[in-house]
Amino acid sequence: MKWIADSIENSPPSIIGKLLSIASEYKDVISLAIGEPDLDTPEHIIEAGIDALKTKYTHYTSNFGFLELREAIAEKLDKENDFKVDPKNEIIVTCGAGAAIDLFMRTVLNPGDEVIVQDPGYFNYIYVSAFLDAKVVPLHVKEENEFSLKPEDLEEKITEKTKLLIINSPANPTGSVIPEKDLRKIADIAIENDLLVLTDEIYEKLIYDEKHFSIASIPEMKERCVLINGFSKAYAMTGWRVGYAAGNREIINKMGVIGAYTTICAPAVSQKAAISALKGNQECVEEMRKEYDKRRRYIVKRLNEIGIPTVMPKGAFYAFPNISQYGNSEKVWKLFLEKANVSTTPGTAFGRYGEGYLRFSYANSLENIEKALNNIEKVVKNV
Ligand SMILES: Cc1ncc(COP(=O)(O)O)c(C=O)c1O
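Residues numbered from 1 in each chain as written. Predicted model: local features only at pLDDT ≥ 70, side-chain atom pairs only at ≥ 80, totals over all residues. Heavy atoms only, no water.

## Observations concerning the domain arrangement of the protein
Stage number 1. When the domains of the protein are assigned, the result is domain 1 (6-40 + 283-381) and domain 2 (43-279).
Stage number 2. Here domain 1 and domain 2 share an interface that buries about 3,300 Å² over both sides, 62% of which is from carbon and sulfur atoms.
Stage number 3. Broken down residue by residue, the surface that domain 1 buries against domain 2 is led by Lys314, Phe350 and Tyr353, which jointly contribute 22%.
Stage number 4. Taken together, the connections running from domain 1 to domain 2 amount to two salt bridges.
Stage number 5. In this structure, Lys314 and Glu146 form a salt bridge, with 3.1 Å as the shortest nitrogen-oxygen distance.
Stage number 6. Here domain 1 is connected to domain 2 by 18 residue pairs in polar contact (both at pLDDT 80 or more).
Stage number 7. Sorting the residues of the side of domain 1 that touches domain 2 by element identifies α1 (6-9), α2 (15-23), α11 (283-306) and β9 (318-319) as the ones contributing at least two each.
Stage number 8. The element that contributes the greatest number of residues to the side of domain 1 that touches domain 2 is α11, accounting for eight residues.
Stage number 9. Considered class by class, the residues forming the side of domain 1 that touches domain 2 number 23 nonpolar, eight polar and nine charged. (Domains from an automatic or database assignment. Buried area = accessible area lost by both parts, 1.4 Å probe. Salt bridge = Lys/Arg side-chain N within 4 Å of Asp/Glu carboxyl O. Polar contact = N/O pair within 3.5 Å; in protein donor to acceptor, adjacent residues only side chain to side chain. Helix = DSSP H or I, 4+ residues; strand = E, 2+ residues; numbered from the N terminus. Nonpolar A, V, L, I, M, F, W, Y, C, P; charged D, E, K, R; others polar.)

In structure tokens:
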């Protein structure tokens, strides 16, 4: 008997898992590989978590999360994103944005449905589609367009089977941001072709040169759009596991049904901390953004000076240098790991069009980034 389900067996192999395990065998490596803030959760949020424990918030909550948290999320979405949702019926709190993506895709996708994703793009969309036997249609986001999704390229990818478009802006792994004028065109295309849109806005607060615009704020998108966000990146809360989805009421309701039979709810303590994150002083977010911005400018300047062409990312905490002059992604990844003691992530972990690139996460101290780049400079001089 074969124990593993076909949909799992036939999923693409996890490049990132394999490479992280190789990287873990090297000692004293500077890691620019990880997609999580090196900064700590702000103190007032930690205190709210401790208070929640002491006051015995140690039980299940509603499958949709505490109403107080959903109300705070609805207020934030209205005020900051111009997206009006009913906290009672149109928001679900999940175990991180990752669980929201999973619940959403399981709710809407049938085997054979086509899902358009940015490539290079966040790998979860590819894997969850594969688990569901849905077909991923990669949409090449090109370096010459600063890796931003272009509406004219999207149109070419739509077929009768296209059900879902996933957009992620600011994006992992490229740091690209889709400008408002393009998001408006993308919305028109989605409406014309009756597409559902998942907008993953987890890096919303880490944007450097412009104001974040949400496609969900376009009134005609409300019925065909689910917005995902969370606390991991903006508030450095990866380990607390809180995120949310908001939008189409029928979809949110069904996500709650699946959630009830899987995770049941996001941790009560973490939900309480998330309320404090949203209601508390937002200066901590601005301080973190400024710190990442400093590192962004430094890493991109140095990479270009070294001779590795790197587009200036507009958001998130990743740079996506073009290393193709030295070999393919896996080869250069290995070269930097072995000879420069720097771990990065090969672009191919994010789709086939990631070939020729590496992802550098600058969620590490300036001091470590400087050391890493000095080492890389010495290595590339000898290639
Ligand atoms: C684009 C994107 N969406 C979602 C997530 C998942 O975030 P969370 O920690 O909230 O599950 C990540 C994490 O790296 C991400 O990069």
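That was the structure; now back to the text.
## Digging into the environment of Ala33
Stage number 1. Within the element layout of this structure, Ala33 appears in the loop between β1 (30-31) and α3 (43-54).
Stage number 2. Judged by its relative accessible area of 5%, Ala33 is buried.
Stage number 3. Placed 33 residues apart in sequence, Ala33 and Phe66 show a C-alpha to C-alpha distance of 34 Å. (Buried < 20%, exposed > 50% of the residue type's maximum accessible area, 1.4 Å probe, protein only.)

## Some points on the nonpolar core
Stage number 1. Core analysis: the largest hydrophobic core is formed by 65 residues, its most contacted members being Phe104, Ile299, Ile308, Phe336 and Phe360.
Stage number 2. Broken down by element, this core gets its largest block of residues, seven residues, from helix α5 (residues 96-108).
Stage number 3. Taken domain by domain, the makeup of this core includes at least three residues from each of domain 1 (6-40 + 283-381) and domain 2 (43-279).
Stage number 4. Core analysis: the next-biggest nonpolar cluster, separate from the first, contains 56 residues, Leu154, Cys225, Met237 and Cys284 among them. (Core = buried A, V, L, I, M, F, W, Y, C linked by side-chain atoms within 4.5 Å.)

## Some remarks on the site of the ligand
Stage number 1. Taken together, the neighbourhood of the ligand is formed by 14 residues, with Ala97, Asp200, Ser232, Lys233 and Arg241 sitting nearest.
Stage number 2. In the model, an oxygen atom of the ligand is placed 2.7 Å from a nitrogen or oxygen of the Ala97 main chain.
Stage number 3. Here an oxygen atom of the ligand and a side-chain polar atom of Lys233 are 2.7 Å apart.
Stage number 4. Contact with the protein chains removes 92% of the 400 Å² of surface that the ligand exposes when unbound.
Stage number 5. At four residues, the largest contribution of residues to the shell around the ligand is made by α5.
Stage number 6. In terms of residue class, the shell around the ligand is made up of six nonpolar, five polar and three charged. (Near = heavy atom within 4 Å. Areas by Shrake-Rupley, 256 points an atom, 1.4 Å probe, with all protein chains shown as cover.)

## So, the sheet that holds strand β11 (residues 345-346)
Stage number 1. Across the sheet, which stays open at both edges, the three strands sit in the order β9-β12-β11 with antiparallel pairing between neighbours. Strands at the two margins of the open sheet, each flanked by one partner only, are β9 and β11.
Stage number 2. Of the strand pairs in this sheet, β9 and strand β12 (residues 358-361) are connected by two bridges, and their pairing is antiparallel. Bridged to Ala319 within β12 is Phe360. (Pairing = 2+ DSSP bridges.)

## Details of the pattern of salt bridges
Stage number 1. Counted according to the given criterion, the structure contains 31 salt bridges.
Stage number 2. Note that Lys84 and Asp82 form a salt bridge whose closest N and O atoms lie 3.9 Å from each other.
Stage number 3. Between Asp209 and Arg296 there is a salt bridge; the shortest N-O distance is 3.3 Å. Here Arg296 lies in helix α11 and Asp209 lies in the loop between β6 (196-200) and β7 (225-230), a separation of 87 residues in the sequence.
Stage number 4. Accessibility expressed as a relative area gives 46% for Asp209, which makes it partly exposed.
Stage number 5. Via salt bridges that share partners, Asp38, Glu291, Lys294 and Arg295 belong to a single interconnected network.

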